[in-house]
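Fold and contact review
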Amino acid sequence: MSLSQAVDKSFLFWAIGLFLGLGMIWFLPWRFQTNDDVMMMWLVSGAYTGEPEPYAVFIHPWLSWLFSTIYSFFPEINWYGLTWFGVNFLSAFLLLKKIWSITFPAIQKHFWSLFIALISFHFAFFPQFTLIAGFAALAGLMVIWDSSLPRFRLWAFLALFMGLSIRWESVALISLEWIWAALVFLQVKDGFSISRGLLLISFAVFLVLGKWAYEECLVSPDYLDFNQARSKVLDHPVFVQQSQEGTIPDSSDWFFVGSWMFEELPLNRADFLAKKQELNLHLFAWEAVGDGLIRLFRVQRTELFKSMLIGFLFLSFFTTKTGGRQKALFLGLWLGFYLVFNHFNLLLGRVNLLFFLVLLFPVLQFPDSLVSRKLTAGLIVLLVLFLGIHTFNFFKEAQGRLAFQEEFDQMLSEENTESPLFLEGVMEYLFTDHFNQNHQVPFLSYGWISRSPMQEKAYEIRGFTSQREMDEFYLLAFQSPDPLIFPDYMNRIYPGFTLQSELKSESLVLLHFIKSKSYSSGP
């Protein structure tokens, strides 16, 4: 058997294994990592507003329109999740092809194939649109400039196009990483083509301008302006820290904003922008520097699997046989940029992982490594161990969600909750039911959906137009000694609600609040 035949068979082994692995995960109770994906899926599927919505805020309008159209004809299939799985597979497939085209020793190729598989499986257990877009960008940029892979160039463009459509900011970050790596390590830009670069830039400009034009013409400008101002406060590192530490007095409207409850508070866009300026002043104190580092440590401590991936990237980078000065320049300046960016922005584990994927560009460019064959084999065993632990934790978490769904269904069957139902402390991604246009979400959400035309439509199909019109509501929460905030929020915007009854299960509590007659809303 020739070397090329052995390489092809090894690549095929990993590609088939990847496909089978993702296929198996598809039939497991995977969940989205954040509520953002859940809410966008519910919008485009019609599960939240009663009809598929062509606009889902974060992803590109052409993609959300396509989702809404397909859901109109085939509502029972999870097209949103299936697309994320498809882009995940395409990205990992391209990266595997890249790995098996490099002149690495076979043991290193197997190590990096397993590493990419771990990333892909993690993104399948807990898909998240920012990570899926960044993964697609990484794969596309790795392959699109590789002169040895011309047959896969079209697929690389497709990966980049989908990444830009899912979240262009992720593609921008990965592109910046490639540019920085190419400036320091000239070999990274081997195979670079001006024509392909211009085509890629054209894609990006076309999609970004298309999203801007769609929103300017077809989306409520009041909602867009408010949502942008809202994010400048709720995603501000100082405000998040104040909310977590409980330093915002409960007499302030901002206390409720910290829990994403601002639908009908007397706060407008100008108030949020003014609050942002106030928060910015705290960033220029020495204390804020320490707070940023502590925040970074806390985030990575709660995202241990991503921290493990980042650790392997650092180890591989430091053991690459290349100039020490180049390494110091590359990593030193990038870490400096990262820490400054972290200081002024709220970076979560998913963004931190994207930041350090930059290390793959030089690592996969230089085949020589200081790591011996035996040590590489040991690292492969360690990766397999991490995968096993991660899979075990996934099943354990999934069992908790299945039990939660069973409790929730039982409570709804016991209590006639025709009045609006809200959640507090219960994340939307915990629900294992596949809601769609024919099986609609039985509760109302808040957050970035608040004050949007989609939220107004969700209210209308439930028989009211604003929270102030409600004379009663239900609230689902986990049993906890901590006081609930949502009832106080409702009494802040329209007082008079009192607890009428409560229904408890093993871990949940369903509270029924009714407005006293002296406060009942008029016609």
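Described below are features of the structure shown in this document. Keep in mind the model is a prediction, meaning the values are calculated, not measured.

1. Quick look at the pairing of strand E4 (residues 508–515)
Counting buried positions along E4 gives 7 out of 8 residues, so the element sits mostly inside the fold. Where strand E2 (residues 472–478) and E4 come together, 7 bridges link them in antiparallel fashion. Looking at the pairing, Ala 477 lines up with Val 509 of E4. Alignment of strand E3 (residues 497–504) against E4, held across 7 bridges, turns out to be antiparallel. Note on E4: the bridge partner recorded for Leu 503 is Leu 510. Hairpin remark: E3 followed by E4, antiparallel, with 3 residues in the connecting loop.

2. Re the pairing of strand E1 (residues 421–424)
Burial along E1 is two-sided: the face carrying Leu 421 and Leu 423 and the face carrying Phe 422 and Glu 424 are both buried. In this sheet, E2 lies alongside E1 in parallel orientation, the contact comprising 4 bridges. Paired with Leu 423 across the two strands is Leu 476, which belongs to E2.

3. Focus on a nonpolar patch on the surface
On the surface, a cluster of nonpolar side chains totalling about 740 Å² of accessible area is made up of Phe 192, Ile 194, Leu 198, Ile 201, Val 205, Leu 209 and Trp 212. Mapping Val 205 onto the fold places it in helix H9 (residues 194–218).

4. Section: the pattern of salt bridges
A side chain with one charge can pair with a side chain of the opposite charge if their charged atoms come near. All chains considered together, the criterion is met by 12 salt bridges. One salt bridge in this structure joins Arg 31 and Glu 397, with 2.6 Å as the shortest N-O distance. Taken together, the residues Arg 31 in the loop between helix H1 (3–26) and helix H2 (35–45) and Glu 397 in helix H19 (residues 373–414) connect sequence positions 366 residues apart. On the basis of relative accessibility, which here comes to 24%, the residue Glu 397 falls in the partly exposed class. The salt bridge involving Glu 53 is made with Lys 457; its shortest N-O contact spans 2.9 Å.

5. As for the nonpolar core
Of all hydrophobic cores here, the largest spans 179 residues; its most connected members are Trp 42, Tyr 80, Trp 84 and Trp 112. For Trp 84, the contacting residues outside a window of four places in its chain are Phe 32, Asp 37, Ile 59, Leu 63, Phe 67, Pro 127, Gln 128, Phe 129, Ile 132 and Ile 166.

6. Overview of the packing of aromatic side chains
Taken as a whole and assessed by the stated rule, the structure comprises 74 aromatic pairs. With centroids separated by 5.5 Å and ring planes inclined at 80°, the aromatic side chains of Phe 13 and Trp 14 adopt a geometry described as edge-to-face. The exposure class assigned to Phe 13 is exposed, which follows from its relative accessible area of 55%. One Lys or Arg, Lys 97, reaches over the ring of Phe 11 and ends 4.6 Å from the middle of that ring.

7. Quick look at the sheet that holds E3
Read from one edge to the other, the open sheet built from 4 strands follows the order E1-E2-E4-E3, with strand pairing classed as mixed. Each edge of the sheet is formed by a strand with only one pairing partner; in this case those strands are E1 and E3. Recorded for the sheet is a direction-independent mean angle of 25° between the axes of neighbouring strands. In the packing of H19 onto the sheet, the strands contacted are E1, E2, E3 and E4, and the crossing angle to E4 comes to about 35°. Contacting E1, E2, E3 and E4, helix H21 (residues 486–493) crosses the sheet at an angle of about 155° to E2.

8. As for the side chain of Thr 376
Structurally, the position occupied by Thr 376 is in helix H19. Relative accessible area serves as the criterion here: at 5%, Thr 376 is assigned to the buried category.

Scoring rules and cut-offs
- Residues numbered from 1 in each chain as written.
- Predicted model: local features only at pLDDT ≥ 70, side-chain atom pairs only at ≥ 80, totals over all residues.
- Heavy atoms only, no water.
- Buried < 20%, exposed > 50% of the residue type's maximum accessible area, 1.4 Å probe, protein only.
- Helix = DSSP H or I, 4+ residues; strand = E, 2+ residues; numbered from the N terminus.
- Pairing = 2+ DSSP bridges.
- Patch = residues over 30% accessible without salt bridge, like charges linked within 9 Å, V, L, I, M, F, W, Y side chains within 5 Å.
- Areas by Shrake-Rupley, 256 points an atom, 1.4 Å probe, with all protein chains shown as cover.
- Salt bridge = Lys/Arg side-chain N within 4 Å of Asp/Glu carboxyl O.
- Core = buried A, V, L, I, M, F, W, Y, C linked by side-chain atoms within 4.5 Å.
- Contact = heavy atoms within 4.5 Å.
- Phe/Tyr/Trp six-rings, centres within 6.5 Å; stacked < 30°, edge-to-face > 60°.
- Lys NZ or Arg CZ within 6 Å of the ring centre and 35° of its normal.
- Axes fitted to C-alpha atoms, helices over the stretch in contact; angles between N-to-C directions.

None of this, on its own, says anything about what the molecule does.
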